[in-house]
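Coordinates in review
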Amino acid sequence: MSADVVGLALVLLGLIVLLGKLIRVRSKIAQKLFLPASILGGFLALLLGPYVFGNLASLAGTDRFAEGGLFGTQILEVWGTLPGLLISVVFAALFMGESIPSPKRAARLLGPQLSLGVTFASGQYVFGLALAVLVLVPIFGMTPMAGALIEIGFEGGHGTAAGMAPVMNELGFTEGPDLALGMATIGIVSGIVIGIAAINWAVRTGRTEVISASTKLPDDELKGLYSKDNQPSAGQLTVRSSSVESMTLHVAFIALAILVGQLLLSALQWVESVTWADSVKVFEYVPLFPLAMLGGVIIQLVLDKTGKLHLIDRGSMMRIQGLALDLLIVSALASLSLKAIAANIGPFLLLAGVGIVWNVVVLFFLARRYIPKYWFERGIGDFGQSMGVTATGLILMRIADPEGKSPAYEAFGYKQLVFEPFFGGGLITAAAMPLIYQFGPYPLLIGMGVLLVASVSIGLINGRRMRRTSVAETSPAQG
C-alpha cells in the first residue's frame, strides 16, 4: 500500500465528513434525529461503496465497481484498517485532562447513577448470552460469542465495534465485526429516535422537572452550529508555540499513553505465557485500546503528582478525541460488509430487538425507582449511552435539560469515570469474547447475571431509602 493511497484515503474521509455536515445542515430529518455528520457521511460512503453503488452498476451492465464501489479496493482497504488504530487514540484521551475522583467517592456520591449504568450494561450481556445459548447457537448455528454483540455494539458503539474487529477475526468470528458495526448503527439511530419520543412523552405527561411543552431548541442547535457571537473556546494553549505547538504536545501525550498501554498489554501477555497459557489464553486476544485508556490514566496521575497537570488541556484532548472518533465512524461504516449482515439477518434482528427492549424497560420501569428526583433527566442520558455511546446520552440530556438545571450532567460525568474503564469498551468489553471463546458462554453469563441482580437490588434499595429520606425532610416537625 503506497503512501499516496493512504493520503488520498484520508483526504476522501475529510470530504465525506464535510458532505455529512452539509446533509445535517440541510436535512430537517437529520436535524430532528440529531444524527452526527460522521454517521451521515458514513452512510453516504456505504451507499457509494461496492454493496450498493457497485451492485447497481453491475445491474446496469458493468462490473467495474463491483469490488470497490466508487472509491476502489485500495481506498476501502485503508479505511478498513483505520478503526483499529484510531480507537486507541479515542480511549487514550478519554480521561486525560479530567479530574479523576476515587471510585469510592464517586460511588458514594452517585450510587444510583452507577447502579443504573451497570444495570443497562450487565443486562445486555445477560439477555444477549441467554439468546445465544437458547436460540442463536442451536437454531442458527452461530458461535456463542454472538451473545456479546449487544453490549459491544450498543454500549460500546462504532468505535468499540471496530476496535474489537481484530479480536473477533482472530477468534474465528469473521462475521462478528460487520454485525457489531451494524448493531452500533441500529443502536445510535434507535437510541435517538426512541429517546426523543420518550422526551416528548415525558414532557406531555409531566414526567420532566426542567422543560415544558413550550421549550424549543434554537435552529442553530438543530443544525449543529454555533452562532457567530456564541462560539465557545475549543481549548487553551498550555505551552508556548516557540518551543512546541500545544496541540502537538497533546498528541505526544496520547502517543505516550498508547505506548504505556502497549507495554502493559505486553507485560500481561508475557505473564500469561509463562503461567497458565497452556490451558487458558485471555490476554493474548485482548485489544490494545482499553490498556491505552489505562495508560492515559497513569500519565494523568503522574502529572498530577508532579504538579504538571496544567500541561494538559481537557478541551484540546476532546478535540483530538473527537477528530479520531469522527474519522473512525466514517471509515468503519464505509468499509462495512452488508453481506455479513444479510447472511445473518435473523440473529442480527433478534439481538437488536432484545437489546432495544431491555434498554426501554430499564429506562421506564427501573430508572424512576433508582432515582426518585430528576429520574427522567438522569435516566435518559444513560439510556442514550446504552444505545449509542456517550455522545448520544449527552445529546438526549441536552434536549431534556438544555440549561443544566438538574444534577444529570454532574451525575453522568462522575459515573463515567467509574463505569467506562469496565463497560462500553473497557476491560469487561475487551475480555468478553476471549472469555467466551476459552470457557464457553456460561461463566460470563453467570457472572453478569450476579452483577445484574446486585445492581438492581442496590438500585432499588437506595431508591427506597432516598424516597424515605426525602419524605422525612419535607414532613412537618412532630410536636
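Each value, and the rule that gives it
Residues numbered from 1 in each chain as written. Predicted model: local features only at pLDDT ≥ 70, side-chain atom pairs only at ≥ 80, totals over all residues. Heavy atoms only, no water. Helix = DSSP H or I, 4+ residues; strand = E, 2+ residues; numbered from the N terminus. Rg over C-alpha atoms; globule rule 2.2 N^0.38 Å. Buried < 20%, exposed > 50% of the residue type's maximum accessible area, 1.4 Å probe, protein only. Contact = heavy atoms within 4.5 Å. Areas by Shrake-Rupley, 256 points an atom, 1.4 Å probe, with all protein chains shown as cover. Lys, Arg positive; Asp, Glu negative; His and termini not counted. Charge placed at Lys NZ, Arg CZ, Asp CG, Glu CD. Expected span 1.5 Å × (residues − 1). Bend = angle between axes of the 7 residues up to and from the residue. Phe/Tyr/Trp six-rings, centres within 6.5 Å; stacked < 30°, edge-to-face > 60°. Lys NZ or Arg CZ within 6 Å of the ring centre and 35° of its normal. Patch = residues over 30% accessible without salt bridge, like charges linked within 9 Å, V, L, I, M, F, W, Y side chains within 5 Å. Salt bridge = Lys/Arg side-chain N within 4 Å of Asp/Glu carboxyl O. pLDDT = per-residue confidence, 0-100. Axes fitted to C-alpha atoms, helices over the stretch in contact; angles between N-to-C directions. Parallel < 35°, antiparallel > 145°, perpendicular 65-115°, else oblique. Left-handed = near helix turned anticlockwise from the far one by under 90°. Nonpolar A, V, L, I, M, F, W, Y, C, P; charged D, E, K, R; others polar. Polar contact = N/O pair within 3.5 Å; in protein donor to acceptor, adjacent residues only side chain to side chain.

Scanning the chain for helices and strands turns up 20 helices and 0 strands. Computed over C-alpha atoms, the radius of gyration of the chain comes to 23 Å, within 12% of the 23 Å expected from 2.2 N^0.38 for 479 residues, which places it in the range of a compact globule. Overall size of the chain, expressed as C-alpha extent along the three principal axes, is 90 × 60 × 55 Å. For the chain, the residues scored as buried account for 50% of the 479 residues in total. Put simply, 79% of the contacts in the chain that link residues at least 6 apart link residues at least 24 apart. For the chain, the exposed area adds up to about 21,800 Å²; of that, 64% sits on carbon and sulfur atoms. Side-chain charges in the chain split into 32 positive and 29 negative, and the spacing between the mean points of these groups amounts to 11 Å.

What follows concerns helix H3 (residues 37-47). The buried fraction of H3 is high, at 8 of 11 residues. Among the residues of H3, Ala 37, Ser 38, Ile 39, Leu 40, Gly 41, Gly 42, Ala 45 and Leu 46 are the ones counted as buried.

When the terminal C-alpha atoms of helix H19 (residues 427-439) are compared, their 17 Å separation across 13 residues agrees well with the 18 Å that a helix rising 1.5 Å per residue should span. Of all the bends found along H19, the most pronounced is centred on Met 433 and spans about 30°, while Pro 434, a proline, follows it within four residues. Turning to H19, its buried residues are Thr 429, Ala 430, Ala 431, Ala 432, Met 433, Pro 434 and Ile 436. Of the residues flanking the end of H19, it is Gly 440, one or two places downstream, whose phi is positive at about 85°.

What follows is about the packing of aromatic side chains. All chains considered together, the criterion is met by 7 aromatic pairs. With centroids separated by 4.9 Å and ring planes inclined at 65°, the aromatic side chains of Phe 71 and Trp 79 adopt a geometry described as edge-to-face. For Phe 71, a relative accessible area of 18% puts it in the buried group. Of the aromatic side chains, those joined through ring pairs into one cluster are Tyr 125, Phe 419 and Phe 423. When the ring centre of Phe 365 is taken as reference, the NZ or CZ atom of Arg 369 above it lies at 4.1 Å.

Another point: a nonpolar patch on the surface. Side chains of Leu 8, Val 11, Leu 15, Leu 18, Leu 19 and Leu 22 sit close together on the surface and give an oily, nonpolar patch of about 540 Å² of accessible area. Relative to the elements of secondary structure, Leu 22 occurs in helix H1 (residues 3-26).

A word on the confidence of the model for the chain. Across the chain, pLDDT averages 85, with 91% of residues at or above 70. Mean pLDDT values for the elements of the chain range from 54 in helix H6 (residues 103-109) up to 94 in helix H7 (residues 111-140).

On the surface, a cluster of positive charge is contributed by Arg 369, Arg 464, Arg 465, Arg 467 and Arg 468. Sort the elements by how many residues they give to the positive patch and helix H20 (residues 441-474) lands first, with 4 residues. Given a relative accessible area of 44%, Arg 465 falls into the partly exposed group.

In this section: the packing of H1 against H3. Contact pair H1 / H3: the axes reach a minimum separation of 7 Å and the direction vectors enclose 115°. Taken together, H1 and H3 sit at an angle that is classed as roughly perpendicular. Here H1 runs over H3; the crossing is right-handed. Here Ile 16, Val 17, Leu 19, Gly 20, Lys 21, Ile 23 and Arg 24 of H1 lie close against H3, whose contacting residues are Ala 37, Leu 40, Gly 41, Gly 42, Leu 44 and Ala 45. Here the residues of the contact of H1 with H3 are counted per class, giving 8 nonpolar, 3 polar and 2 charged.

Let us now look at the packing of helix H8 (residues 149-163) against helix H10 (residues 176-204). For any two helices packed against each other, the geometry is given by the interaxial angle and the distance between the axes. Direction vectors running N to C along H8 and H10 enclose 100°, while the axes themselves pass 7 Å from each other. Taken as axis vectors, H8 and H10 run roughly perpendicular relative to one another. Contacts between H8 and H10 involve Leu 149, Ile 150, Ile 152, Gly 153, Phe 154, Gly 157, His 158, Ala 161 and Ala 162 from the former and Gly 176, Leu 179, Ala 180, Leu 181, Met 183, Ala 184, Thr 185, Gly 187 and Ile 188 from the latter. Of the residues in the contact of H8 with H10, the class split is 12 nonpolar, 6 polar and no charged.

With respect to the helices and strands, the residue Leu 237 is situated in the loop between helix H11 (219-223) and helix H12 (246-274). When the C-alpha positions of Leu 237 and Gly 206 are compared, they lie 45 Å apart, and in sequence the two are 31 residues distant. Contact partners of Leu 237, with chain neighbours within four places excluded, come to Glu 245 and Ser 246.

This part covers the environment of Phe 127. With respect to the helices, strands and loops of the structure, Phe 127 is situated in helix H7. Contact partners of Phe 127, with chain neighbours within four places excluded, come to Val 354 and Trp 358.

We note that Tyr 374 has phi near 60°; this positive angle belongs to a residue other than glycine. With respect to the helices, strands and loops of the structure, Tyr 374 is situated in the loop between helix H16 (345-370) and helix H17 (375-400). Residue Tyr 374 is classed as buried on the basis of its relative accessible area, which comes to 18%.

By secondary structure assignment, the location of Thr 119 is in helix H7. At 3.1 Å, the side chain of Thr 119 forms a polar contact with the side chain of Ser 455. Leave out the neighbours within four places in its chain, and Thr 119 touches Trp 358, Val 362, Leu 366, Tyr 370, Leu 452, Ser 455 and Val 456.

Locating Gln 113 in the fold gives a position in helix H7. Gln 113 gets classed as buried once you look at its relative accessible area, which sits at 0%. Within the structure, the side chain of Gln 113 is placed 2.6 Å from the side chain of Asp 382, a separation counted as a polar contact. What Gln 113 contacts, discounting residues up to four positions off in sequence, is Ile 371, Arg 378, Asp 382, Ala 411, Phe 412 and Lys 415.

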